[in-house]
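# Geometric and topological summary
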Amino acid sequence: MSLLKNSRIGGVLLDITGVLKDGGIAIPGSVEAVRKLREAGLAVKLVTNETQITRRTMVSCLVNLGYSVQEQDIVPPCPALISLLQHENLRPHLLVHPNVLPEFEAIDQSNPNCVVLGDAGDNFTYENLNKAFRILINMEKPRLFSLGQGRYYSDSESLMLDVGVFTAALEYAADVKAEIIGKPQPEFFRSALRDMGVVPEEAVMVGDDVVSDVGGAQNCGLTGVLVRTGKYRPVDEKHPTVHPDAIVDDLAHAVNLILKSRK
Amino acid sequence: MLLECIRSIGWKCNITRLITRLKEVIRMAAGKVPVKAVLIDLSGTLHVEDTAIPGAVDALKRLRHSNIPIKFVTNTTKESRRCLYERLIGLGFELKEGEIWSSLWAAQDLLRSRNLQPMLMVDDAALEDFSGLTDFKEEEQNAVVIGLAPNMFNYSQLNKAFRLLLNGAPLIAIHYGRYYKRSDGLALGPGPFVRGLEYAADCRSEVVGKPSSAFFQSALGDTDPAHAVMIGDDVRDDIGGAQALGMRGFLVQTGKYRPGDESRISPSPAVVCSHFPEAVDILLKECAQSGGDL
Ligand SMILES: [Mg+2]
Ligand SMILES: [Mg+2]
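A few points on the structure. (Residues numbered from 1 in each chain as written. Chains lettered and ligands numbered in written order. Predicted model: local features only at pLDDT ≥ 70, side-chain atom pairs only at ≥ 80, totals over all residues. Heavy atoms only, no water.)

### Re the sheet that holds strand β1 (residues 37-41) of chain B
Residues and elements named next belong to chain B. Quick note on the threshold: Between any two strands, at least two bridges found by DSSP are needed for them to pair. A run of DSSP states H or I qualifies as a helix once it reaches four residues; a run of E qualifies as a strand once it reaches two. Both are numbered from the N-terminal end. To obtain an axis, a line is fitted to C-alpha atoms, over the contacting stretch when the element is a helix, and the angle between two such axes runs from 0 to 180 degrees between their N-to-C directions.
Sheet architecture is open: 6 strands sit in the order β5-β4-β1-β12-β13-β14, paired in parallel fashion. Looking along the sheet, the strands with just one partner apiece sit at the ends: β5 (100-102) and β14 (271-273). Between one strand axis and the next, the sheet turns by 20° as a mean value, whatever way the strands run. When β1 meets strand β12 (residues 228-232), the two strands line up parallel, connected through 4 bridges. Within β12, the position partnered with Ile 40 by the bridge is Ile 231.

### Some remarks on the coordination of the magnesium ion (ligand 2)
All names here are of chain B. To be explicit about the condition: The donor set comprises N, O and S atoms within 2.8 Å of the metal, extended to 3.2 Å for Na, K and Ca; water molecules are omitted, so apparent gaps in a site may simply reflect that omission. Each residue is placed in one exposure class: buried if its accessible area under a 1.4 Å probe, protein chains only, is under 20% of its type's maximum, exposed if it is over 50%, and partly exposed if it falls in between.
Listed as protein donors to the magnesium ion (ligand 2) are Asp 41 (OD), Ser 43 (O) and Asp 233 (OD); their distances from the metal cover 2.2 Å. Of note, the donors binding the magnesium ion (ligand 2) are all from one chain and are spaced D-x1-S-x189-D. Taking relative accessible area as the criterion, Asp 41 reaches 4% and is therefore assigned buried.

### Description of the packing of aromatic side chains
By convention here, two paired aromatic rings are described through the distance between centres and the angle between planes. In plain terms, the rule: Pairing of aromatic rings covers Phe, Tyr and the six-membered ring of Trp, with a centre-to-centre limit of 6.5 Å; geometry is then stacked below 30 degrees between planes, edge-to-face above 60, and tilted otherwise.
Following the criterion strictly, the structure yields 10 aromatic pairs over all chains and no others. Measuring from ring centre to ring centre gives 5.2 Å for Tyr 172 of chain A and Tyr 176 of chain B, while their planes differ by 80°; the resulting arrangement is edge-to-face. A residue pair is termed interchain when its members come from two chains, as with Tyr 172 of chain A in helix α5 (residues 163-174) and Tyr 176 of chain B in the loop between β8 (171-173) and β9 (179-182). Looking at Tyr 172 of chain A, the relative accessible area reads 13%, which means it is buried. The interplanar angle of 15° and the centroid separation of 4.2 Å between the aromatic rings of Phe 153 of chain B and Phe 193 of chain B together place this pair among those described as stacked. Here Phe 153 of chain B, found in the loop between β7 (143-146) and α6 (155-166), pairs with Phe 193 of chain B, found in helix α7 (residues 190-201); they are 40 residues apart in sequence, far enough to count as distant.

### Some points on the pattern of salt bridges
Put simply, the rule reads: Put simply, a salt bridge is a Lys or Arg side-chain nitrogen that is within 4 Å of an Asp or Glu carboxyl oxygen.
All told, the structure shown has 34 salt bridges over all chains when counted by the stated rule. Salt-bridge contacts for Arg 64 of chain B lead to Glu 99 of chain B; the nearest nitrogen and oxygen are separated by 2.8 Å. Of the two residues, Arg 64 of chain B sits in helix α3 (residues 56-65) while Glu 99 of chain B sits in the loop between α4 (81-90) and β5, which places them 35 residues apart along the sequence. Take Glu 99 of chain B: its relative accessible area is 11%, and that puts it in the buried class. We note a salt bridge from Arg 182 of chain B to Asp 184 of chain B, for which the minimum N-O separation is 3.0 Å. On the basis of relative accessibility, which here comes to 23%, the residue Arg 182 of chain B falls in the partly exposed class. Judged by relative accessible area, which is 46%, Asp 184 of chain B ranks as partly exposed. When salt bridges that share partners are traced, they join Glu 127 and Arg 134 of chain A together with Arg 182 and Asp 184 of chain B into one network.

In short, the description is geometric, and any link to function would need to be established separately.
This is the structure we're talking about:
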């Protein structure tokens, strides 16, 4: 295993789904790997596009799997979106998972002037998509926000369509370009790093999504490591535009590599 | 030359076919291209909703006297061939069901010719065009066909389609429309769902309807597009699509035609005429001029 080119590593960003866990199961070796990172004095944040559950639910889920995490360790896209909505006086029509509706309680949703798509899962019905479409097509300047733009994710070994698919559908239907909140948007990585006090050049991102995790992080100046767990498929190693700095079997191997590469 | 003609249509020929073939050969020698097939659009060209275009029923009869093979080509997401046939008969047109070549019909033709076992996301009314192709079990399916099927455009069905695509199944789109008009307002068409699945599986769909070249070619069969004419009211889907394959497009100024449409495509339509009966007159005159001296 060749070392990472980056030897000055101060912080590590980890994807959750497909790196720490797959469905309701911890990926073998990952609990121990996160502990080793912390023991080595590295700052760690969990950056996720997960929008099916709230941050609090995610914490209790991870704690049950043996991870020691707190809410402030997790960076999901919802808080960033909510501060943007407040800042621009936007009243969203939400097509999101019912579990995350409480996060939007404080936001005025009457007479909507934008549409927000999250990973709504079974809530992606024809009628719900149609409702969102009609709101967009009737807007003079339609605004569509998408919490991430993932193609699919792995849930207990079966692949599930992610929000990006429905965003692409509505973009085409209403002839609008969505504004992405979450990975691979550069500002999303930057704000996580600012919280950690680490510059991009001294940070590593580990994820199972070659485009969103690895490519997104690299575009921002981070080192990007792809793991062969979660939604990983062998074709990802031959991606036409994204070339990971390293490809390893799982998070345990990624952490060993990070710690060895570090001076 | 007579012998050559007889050989080219087989010895068991009748005298009419022989004369037709002779005319063709002479016209070709004179640098004229004989018309060997006419494709005709339905909605907006032969009829608008439940009313035939004035004179169109008679015009079709006159065209039939020329013995040029005719196919009726239309993009449809839920009307089966039989349903289209019954509507046209009801309006007084003379035709055979087998002369209708819809995008749904082209899809089943493509599935059969490639031996594919599809997951069908099409309207229930369209299923009769797919007889023998409707009952494959999930594990047997190796193609995804998308028409307009709002009751199947949901998370669990789209997930199933997606997993087939990841395994390499081709994605066949009957239509790529963004949306359509429903009694209660605009509604999402198949296009957005096709686009979403293309994004998910990082693949490209094959669109089977107009204006795809494959659609016109499948309607023509073995006929050389250079010898074929398309008559329609949609300058892009009918005329542009047909001309891209090398056919000649006759644009009629009925249906969805809007002034200025003729200059919206390049090269512009081979012929622009006010309605279907005029298109037939022009065609028949052409035939008479190039071959009528026999
Ligand atoms: Mg992931
Ligand atoms: Mg038409």
